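Now for the letters of each chain:
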Amino acid sequence: EPEVTQTPSHQVTQMGQEVILRCVPISNHLYFYWYRQILGQKVEFLVSFYNNEISEKSEIFDDQFSVERPDGSNFTLKIRSTKLEDSAMYFCASSETYRDLRAFFGQGTRLTVV
Amino acid sequence: QKEVEQNSGPLSVPEGAIASLNCTYSDRGSQSFFWYRQYSGKSPELIMFIYSNGDKEDGRFTAQLNKASQYVSLLIRDSQPSDSATYLCAVREDTGRRALTFGSGTRLQVQP
């Protein structure tokens, strides 16, 4: 069964450093998302991406964050100047079409900022 | 602030029983409703979705939606120990938006 793949599974970074989290969405999917889940808290929407541009973003997704689809398969989340409070699980998700609203999640990247 | 509310639990049921999980949402414009299962330390796994008032059944799972009451529920029949997980309710708010708003989840424990 096709699945969303995320790398790395765990990333440790120093405060102030930049990190790039990588995702390979399901191959025929057109909509891509990033969510995050701080330990013990709700899953929170960050951003959605369609047709090579951001279609929606939340208040969390400020200038510290950016997304990119550098090629036909990868979808990345860049976090600049990381802070301790950026420590969370980051989930990539994808959905197939405009009419299919089901979002399928990758296994997540645990980001630890020290 | 649009809210999705769930009882955090734990909800404990014996093996073979019916587990009933509930969710309320604040935004009357909400269009689509999803139930995800999340095992500890893992990612959300989609198990059910419902768009229209009424019931939708898929195997042991039944989703129920009542838009007038702003209420969605998930019934799990013949509960198994492997169903023990946190169940997340997620709501898509209105047409044109694709962001999901999640509840904090209900932890289900199925006792063997």
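Residues numbered from 1 in each chain as written. Chains lettered and ligands numbered in written order. Predicted model: local features only at pLDDT ≥ 70, side-chain atom pairs only at ≥ 80, totals over all residues. Heavy atoms only, no water.

Student: Kindly report on the overall build of chain B, identifying the contributing residues and their values.
Tutor: Counting secondary structure elements, chain B contains 0 helices and 11 strands. Counting from the amino terminus, helix and strand elements in chain B follow one another as β-β-β-β-β-β-β-β-β-β-β. In summary, chain B has a C-alpha radius of gyration of 13 Å against a globular reference of 13 Å for 112 residues, a match within 12%. When its C-alpha atoms are laid out on the principal axes, chain B stretches across 45 × 30 × 20 Å. Evaluated residue by residue, chain B yields a buried proportion of 46% over its 112 residues. Here the analysis covers contacts within chain B between residues at least 6 apart in sequence; of these, 55% occur between residues at least 24 apart. If you sum the accessible surface of chain B, you get close to 5,100 Å²; carbon and sulfur atoms cover 46% of it. Counting 12 positive and 12 negative side-chain charges, chain B places the centres of these two groups 5 Å from one another. (Helix = DSSP H or I, 4+ residues; strand = E, 2+ residues; numbered from the N terminus. Rg over C-alpha atoms; globule rule 2.2 N^0.38 Å. Buried < 20%, exposed > 50% of the residue type's maximum accessible area, 1.4 Å probe, protein only. Contact = heavy atoms within 4.5 Å. Areas by Shrake-Rupley, 256 points an atom, 1.4 Å probe, with all protein chains shown as cover. Lys, Arg positive; Asp, Glu negative; His and termini not counted. Charge placed at Lys NZ, Arg CZ, Asp CG, Glu CD.)

Student: Residues and numbers for the interface of chain B and chain A, please.
Tutor: Contact with chain B, which involves 24 residues of that partner, is made by 21 residues of chain A. Taken together, the connections running from chain B to chain A amount to 1 salt bridge. If you look at where chain B meets chain A, you find 10 residue pairs in polar contact (both at pLDDT 80 or more). Those elements that provide at least two residues to the side of chain B that touches chain A are β4 (32-38), β5 (45-50), β9 (85-92) and β10 (100-102) of chain B. Looking at side-chain class alone, the side of chain B that touches chain A contains 11 nonpolar, 8 polar and 5 charged residues. (Salt bridge = Lys/Arg side-chain N within 4 Å of Asp/Glu carboxyl O. Polar contact = N/O pair within 3.5 Å; in protein donor to acceptor, adjacent residues only side chain to side chain. Nonpolar A, V, L, I, M, F, W, Y, C, P; charged D, E, K, R; others polar.)

Student: Go over the side chain of Gln37(A) with me, naming the residues and quoting the values.
Tutor: Position of Gln37(A) among the secondary structure elements: in strand β4 (residues 31-37). Non-local contacts of Gln37(A), meaning those with residues more than four positions away in its chain, are made with Lys42(A), Val43(A), Ala88(A), Met89(A), Phe91(A) and Gln38(B).

Student: Mind laying out the nonpolar core, listing which residues take part and the relevant values?
Tutor: Judged by nonpolar contacts, the single largest core of 23 residues is most densely connected at Trp35(B), Val72(B), Leu74(B), Ile76(B) and Tyr87(B). The residues contacting Ile76(B), other than those within four sequence positions of it, are Ala17(B), Ile18(B), Ala19(B), Leu21(B), Arg60(B), Phe61(B), Asp83(B), Tyr87(B) and Leu108(B). In this structure, Cys23(A), Phe65(A), Leu77(A) and Cys92(A) belong to the second largest nonpolar core, which totals 22 residues. (Core = buried A, V, L, I, M, F, W, Y, C linked by side-chain atoms within 4.5 Å.)

Student: Describe the pattern of salt bridges, naming the residues involved and giving the relevant values.
Tutor: Applying the stated criterion to the full structure yields 6 salt bridges over all chains. With its nearest N and O atoms 3.7 Å apart, the salt bridge here joins Lys42(A) to Glu3(B). In this pair, Lys42(A) sits in the loop between β4 and β5 (43-50) while Glu3(B) sits in the segment before β1 (4-5), so the two residues belong to two different chains. Overall, the relative accessible area of 29% leaves Lys42(A) in the partly exposed class. Classification of Glu3(B) by relative accessible area gives partly exposed; the value is 28%. Between Arg77(B) and Glu57(B) there is a salt bridge, with its nearest N and O atoms 3.5 Å apart. Note that Arg77(B) is positioned in the loop between β8 (71-76) and β9 and Glu57(B) in strand β6 (residues 54-58), a separation of 20 residues in sequence.

Student: An account of the packing of aromatic side chains is needed here, citing residue identities and associated values.
Tutor: Enumeration over the complete set of coordinates arrives at 17 aromatic pairs over all chains. Following the ring pairs from residue to residue traces out a cluster consisting of Tyr33(A), Tyr35(A), Phe45(A), Phe91(A), Phe105(A), Tyr36(B) and Phe102(B). Over the ring of Phe49(B) we find Lys56(B); its NZ or CZ atom is 3.3 Å from the centre of that ring. (Phe/Tyr/Trp six-rings, centres within 6.5 Å; stacked < 30°, edge-to-face > 60°. Lys NZ or Arg CZ within 6 Å of the ring centre and 35° of its normal.)

Student: If you had to explain the state of the cysteines to someone new, which residues and values would you point to?
Tutor: Residue and element names in this part refer to chain A. In this structure the tally under the stated criterion is 2 disulfides over all chains. One disulfide bridge connects Cys 23 with Cys 92, the sulfur atoms lying 2.0 Å from each other. Looking along the S-S bond of the Cys 23-Cys 92 disulfide, the torsion reads about -65 degrees, which is the left-handed sense. Taken as a pair, Cys 23 in strand β3 (residues 19-24) and Cys 92 in strand β9 (residues 88-95) lie far apart in primary sequence, 69 residues in all. (Disulfide = S-S within 2.5 Å.)

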